[in-house]
Amino acid sequence: MTTKPGWLHRQLPGIIALVLVVTTFMVARLPESSAETKAALAKDFKFTAKSIAMPSGFAQQEVRKVNKDYKHIDAWISSVGAAIAMNDVDGDGLPNDLCITDPRIDQVVVTPVPDKNGHRYPAFALNPAPLPMNGQIAPMGCLPGDYNEDGRTDLLVYYWGRTPIIFLTKPEAKKLDAECFTAVELVPGKTNGVYDGPQWNSNAVTYEDFDGDGHYDILITNYFPHSPVLDDRVAGGVEMNDSMSDARNGGENYFFLANGDGTFRKVDDALPVEISRGWELGAASADLDGDGLPELHLANDFGPDHLLHNKSTPGKLAFEEIIGGRSPVVPKSKLIGQDSFKGMGEDFADLDGDGLYDLFVSNITTSWGIEESNFHFLTKAKDQADLRTKLLAGEAPFDDVSGSANTAWSGWGWDVKAGDFTNSGTNQVVQATGFVRGYTNRWPQLQELATANDELLTNPSFWPNVTLGDDVGGDHTMKFFVKGADGHYDDLAPELGLAVPVPTRGVATGDADGDGRLDFAMARQWDQPVFYQNNAPNAGHSLTLCLFHDAPTADGAPGSPVVGAQVVVTKADGTKVIGRVDGGGGHSGKRSNDVHIGLGDDAGPVKVHLTWRDRSGQMREQDLQLTSGMHALRLGTQAKEK
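What you see is a predicted model; the values in this text were computed from it and never measured.

Draft legend 1. Layout of the overall build of the protein chain. Scanning the protein chain from N- to C-terminus turns up seven helices and 40 strands. Taking 26 Å as the expected radius of gyration for a compact globule of 642 residues, we find that the protein chain reaches 24 Å, a close match to that expectation. Expressed as lengths along the three principal axes of its C-alpha atoms, the size of the protein chain is roughly 95 × 65 × 50 Å. Buried residues in the protein chain amount to 60% of all 642 residues. Counting only carbon and sulfur atoms, one obtains 53% of the accessible surface of the protein chain, whose full area is about 24100 Å². With 55 positive and 88 negative side-chain charges, the protein chain shows a spacing of 2 Å between the two charge centroids.

Right, here's the structure in full:
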């Protein structure tokens, strides 16, 4: 009888702490919307899932072979590489071609969107021959772009185990198949035989005119340091992250500045070492302040993300990091440039309708696992000029509202894309989630690792088993965040039939069939990719702009997209909607180069303000009056209908 008060007295601090934790958790979690509210939001959306044609004849695998010292975490090492891009590769005027990297076969596949015209050509795998390869190389992603400026869409593929390859479309190609591409090295090296060059481990890229000379540059970011990660013949030589929250020992990042003749020169020192050697899983760019130079955001696993203000001049790259100031009410982990979360992917989009780009960043947000938070940064400035003034002063006018917006928690987040899928004038957010699917729960061991001494992390023997059959967030489902009238977001994936418990990785968006509704495709890790055709029953009007350089191209070539061109649409009620020609940012999903703007009930004509940089590097702008629908424009000194 005398032991109970003593026991209670001893346990009281722990009980109080537990009560406080539970209470704080319940307060932080916003109440879920009612089923009726979600149903009302969902009625305007409808997606039809369609299987994507993939080529046969390739050996299948369930996990990759890895360095001998990493065999016990081979499923962890094999958790990336599913990627998807949507673009116009065959030149028919629609972004109805997919470029997919599939870890099950470790091939890069080009295949048509599965719509009524999906029979245009059979799916095929890109052939890197005669360039050297070896058995320790795996593709991680595909980025469409016009890399030699001939007006045709080429494909850049980046890998673990080697440097990137550009597959240039041959001018004489008459049909889309493996023979219509010529494989060239981004980094000059051997032209045949067995690959024995630098062992890059690239996971994120983006394509923009970073120095403002009128030609598009490439950023390649690396995850692991250059090392034999996928070489099962050797033991060692690979280093894990040296911190769970501030790791800066990852692979180096490289810019490739365009020479204007289809070649590039590598720049090694554009970023400080402490930024360059983060563990990047995502990279995105957009001209936030309207000066014609795209800002850059790097999403880092195991450490702070970086937002870089672009101050470059032609031929000379220069970036200044923007870091959020400390606040008594905002934790350091929620500040731009100071977070300690696991950045996996990001997207720039106007999420609050103020005509300025905001930023959504995916992190690991698993309850009773690693519960960090997604970032839903809203830009706080009057206009782009005001934002430019703040950035030049080193200020970071970005507030994370993920908690109040109900977008903070979603699971193990990866790629994320914003888009207006009902043409209402308001963007929704699609997010890929999930890590490793199996049947043995490894969350407890992972949680132990996350709280371990950082000194242990670089040695793989201290990492818990994550191999074939183990499960970490394998039942997570993709998210489809829809904003309600009160500014609160709801995940409508269950209501829309999108909540399939399969780990997803890359999201690609584009109006594949030209019906004015934005479709999307999803790359799934160790599973079949899927295409979601948009059949929204109550979609509003939309404006789709296909913007091309007014410059000489090869005969019959459709033209080179004006990457980075900015579009501001003013509707009849005075509201503004912004968009841009995206250079392919994010984790492993790449949206099309078309600009899609939802107009709601406004069929137009609407005022369209275009801003772009021509091939000479000169900034141009022009106002147009355009009706809803698709418009192809040539941008030179002026904008002209194609």
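Draft legend 2. Expanded view of the sheet that holds strand β12 (residues 254-258). As summarised here, the arrangement of the four strands in space is β10-β11-β12-β13, forming an open sheet in which the pairing is antiparallel. Of all strands in the sheet, those bounded by a partner on one side alone are β10 (202-208) and β13 (264-267). The average undirected angle you get between the axes of adjacent strands in this sheet is 20°. Across six bridges, β10 lies against strand β11 (residues 217-222) in antiparallel orientation. Following the sheet pairing, S202 is matched in β11 by N222.

Draft legend 3. Looking closely at the sheet that holds strand β15 (residues 295-301). In space, the four strands of this open sheet follow the order β14-β15-β16-β17, with antiparallel pairing throughout. On the outer flanks of this sheet lie β14 (279-286) and β17 (319-322), each paired with one strand and no other. Within this sheet the neighbouring strands show an average axis-to-axis angle of 25°, counted without direction. Where β15 lies against strand β16 (residues 306-310), three bridges are found, and the strand directions are antiparallel. Of the residues in β16, the one forming a bridge with L298 is H306.

Thresholds, definitions, all that
- Residues numbered from 1 in each chain as written.
- Predicted model: local features only at pLDDT ≥ 70, side-chain atom pairs only at ≥ 80, totals over all residues.
- Heavy atoms only, no water.
- Helix = DSSP H or I, 4+ residues; strand = E, 2+ residues; numbered from the N terminus.
- Rg over C-alpha atoms; globule rule 2.2 N^0.38 Å.
- Buried < 20%, exposed > 50% of the residue type's maximum accessible area, 1.4 Å probe, protein only.
- Areas by Shrake-Rupley, 256 points an atom, 1.4 Å probe, with all protein chains shown as cover.
- Lys, Arg positive; Asp, Glu negative; His and termini not counted.
- Charge placed at Lys NZ, Arg CZ, Asp CG, Glu CD.
- Pairing = 2+ DSSP bridges.
- Axes fitted to C-alpha atoms, helices over the stretch in contact; angles between N-to-C directions.

The quantities given are spatial measurements derived from coordinates; they are silent on function.
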